[in-house]
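Now for the letters of each chain:
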Amino acid sequence: MDGKMLARLSAIVFVAIAITASLIEMSRKDEPAPILSAPVAPSASDPLRAELRRCQQMGRAATDDEDCLATWQKTRDRFLGRDPRTAEAR
């Protein structure tokens, strides 16, 4: 088999593989990604949320407010998954 024939055969194989890959890709169905979870509506009865809102409205004065500091500590404990009783023991 001479070089010219080998080049032609390689080109034909390459084109056949490219056409096959294109046909496989075109036959795929585009399915939308499933929605994993629905957004959670905020609970109006959460006293911690109401206290955080109050501290937010206070602005810089909240850094000196003991209630706001305690609320922020509770929020950190909730976020980090810590038990507040063990956090106080430290």
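Computed from a predicted model, the values in this text were never measured in an experiment.

Asks: Quick rundown of the overall build of the protein? Include the residues and the values.
Replies: Along its length, the protein carries four helices and zero strands. Mapped from its N terminus to its C terminus, the protein presents α and β elements in the order α-α-α-α. Carbon and sulfur atoms provide 61% of the accessible area of the protein, an area that totals close to 8300 Å².

Asks: Got a sec to walk through helix α2 (residues 47–58)? Specific residues and values, please.
Replies: If you check α2, its first and last C-alpha atoms are 17 Å apart, about what twelve residues at 1.5 Å a residue would give, namely 16 Å. Phi turns positive, to about 75°, at Gly-59, one or two residues after α2.

Asks: Let's hear about the packing of α2 against helix α3 (residues 66–80): which residues, and what values?
Replies: Between α2 and α3, the shortest axis-to-axis distance is 10 Å and the interhelical angle comes to 130°. When the axes of α2 and α3 are compared, the pair comes out oblique. Our pair here, α2 against α3, has a crossing hand that is left-handed. Across the interface between the two elements, Leu-48, Glu-51, Leu-52, Arg-54, Cys-55 and Met-58 from α2 touch Asp-67, Cys-68, Thr-71, Trp-72, Lys-74, Thr-75 and Arg-78 from α3.

Cut-offs applied
- Residues numbered from 1 in each chain as written.
- Predicted model: local features only at pLDDT ≥ 70, side-chain atom pairs only at ≥ 80, totals over all residues.
- Heavy atoms only, no water.
- Helix = DSSP H or I, 4+ residues; strand = E, 2+ residues; numbered from the N terminus.
- Areas by Shrake-Rupley, 256 points an atom, 1.4 Å probe, with all protein chains shown as cover.
- Expected span 1.5 Å × (residues − 1).
- Axes fitted to C-alpha atoms, helices over the stretch in contact; angles between N-to-C directions.
- Parallel < 35°, antiparallel > 145°, perpendicular 65-115°, else oblique.
- Left-handed = near helix turned anticlockwise from the far one by under 90°.
- Contact = heavy atoms within 4.5 Å.

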